[in-house]
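# Understanding the architecture of this molecule
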Amino acid sequence: MEKKVYSTSGNELRTITLDDKVFGLPVNEDVIYYAITNELANKRVGTACTKGRAEVHGSNAKPYAQKGTGRARRGDKKSPLMVGGGTIFGPKPRDFSYSIPKKAKRLAMKSILSLQAQSDRLTVVEDFTVESGKTKDLVKILNNFAKDERTVIILKDDDAKIRQAGRNLPNLTFLSYERLRAHDLFYGRKVILLETAAKNLSDFYADEKEAK
């Protein structure tokens, strides 16, 4: 797949060839769904907790006589049917996380990259950084490619300066080429891929590496 490489000012510089095994695959919607669902489940904290009738504070004595009152039968004040009583089948702390096969996750990432590339949401930009670490300098660059859209920048390495410049932008997400997230990548309306990161992705998701 041929893609144009743009400068930070938005001008066309040259053409780059993207690996079809990473950016030109048929989109597998099923595996994308599984990868996104897995990420969302792994982010759940699972700390919700309620008390059953054995855990709430209260007396074990019957509140009133079994017969003769004309009212319903009551065992104790901790009954789930009483105000202040326990909760029936309430949530307890639990771990929602689970794992999916590594090959399935890698296929999901390649499917999303292919989807973004084929839908022209993916733009290859020459390698750049923000030496000043200032948000306004990064915004000047982003305005040439995306405006007020959910944007994802795929970095070639862990660039602290560019991350510092973009941490105040609510619609901007940074991803490293070797640590992609399916949810952020799929829902990005604009994906800015640094030129070196494009080459790194081809090497990182190579088929021979999957067999290891």
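Bear in mind the structure is a predicted one, so any value in this text is a computation, not a measurement. The residue numbers shown here count from 1 along each chain, following its written sequence. Restriction of local features to residues with pLDDT of at least 70 applies here, the model being predicted, together with a cutoff of 80 or more for giving and counting side-chain atom pairs; totals for whole chains, interfaces and linings are based on all residues. Computation of side-chain values covers all heavy atoms of the structure but excludes hydrogens and water.

## Some details on the environment of Val27
Helix and strand definitions here come from DSSP, where helices need a minimum of 4 consecutive H or I residues and strands a minimum of 2 consecutive E residues; each element is numbered from the N-terminal end. You can see Val27 is positioned in the loop between helix H1 (20-23) and helix H2 (29-43). Separated by 166 residues in the primary sequence, Val27 and Leu193 have C-alpha atoms spaced 19 Å apart. When near neighbours in sequence (up to four residues on either side) are disregarded, Val27 contacts Ile32, Ser111, Leu115 and Gln118. Contacts are assigned to residue pairs with any non-hydrogen atoms lying within 4.5 Å of each other.

## Observations concerning the pattern of salt bridges
A pairing counts as a salt bridge when a side-chain nitrogen of Lys or Arg comes within 4 Å of a carboxyl oxygen of Asp or Glu. Going through the model one piece at a time under the given rule, you end up with eight salt bridges. Glu195 is the salt-bridge partner of Arg14, the closest N and O atoms lying 2.7 Å from each other. Note that Arg14 is positioned in strand S2 (residues 12-17) and Glu195 in helix H7 (residues 195-204), a separation of 181 residues in sequence. The salt bridge involving Asp76 is made with Arg53; its shortest N-O contact spans 3.4 Å. Placement of the pair is Asp76 in the loop between H2 and helix H3 (102-118) and Arg53 in the loop between H2 and H3, with a sequence separation of 23 residues. Looking at Asp76, the relative accessible area reads 13%, which means it is buried. Between buried and exposed lies partly exposed: a residue is buried under 20% and exposed over 50% of the maximum accessible area for its type, with that area taken using a 1.4 Å probe on protein chains only. A relative accessible area of 41% places Arg53 in the partly exposed class.

## Overview of the packing of aromatic side chains
Only the six-membered ring of Trp is used, alongside the rings of Phe and Tyr, when aromatic pairs are assigned; centres must lie within 6.5 Å, and planes under 30 degrees apart are stacked while those over 60 apart are edge-to-face, with the rest tilted. Across all of its chains, the model carries five aromatic pairs by this definition. With centroids separated by 5.1 Å and ring planes inclined at 85 degrees, the aromatic side chains of Phe204 and Tyr205 adopt a geometry described as edge-to-face. The class for Tyr205 is buried, based on a relative accessible area of 4%. Ring pairing ties together the aromatic residues Tyr177, Phe204 and Tyr205, which thus form one cluster. Across the ring face of Phe96, the terminal group of Arg44 is positioned such that the distance to the ring centre comes to 3.6 Å. Throughout this description, the term charge over a ring refers to an Arg CZ or Lys NZ atom that lies within 6 Å of the ring centre and within 35 degrees of the ring normal. Here the basic side chain of Arg106 rests over the ring of Phe204, its NZ or CZ set 5.5 Å away from the ring centre.

## Some details on the nonpolar core
If you look at soluble globular proteins, the nonpolar side chains tend to sit buried side by side. Remark: nonpolar core denotes a set of buried residues (Ala, Val, Leu, Ile, Met, Phe, Trp, Tyr, Cys) joined through side-chain atoms within 4.5 Å. Ranked by size, the top nonpolar core spans 45 residues in total, and within it Phe23, Leu138, Ile154, Leu180, Leu185, Leu193 and Leu201 carry the most contacts. Counting residues per element, this core draws most heavily on H3, at five residues.

Geometric values such as these leave the question of function open.
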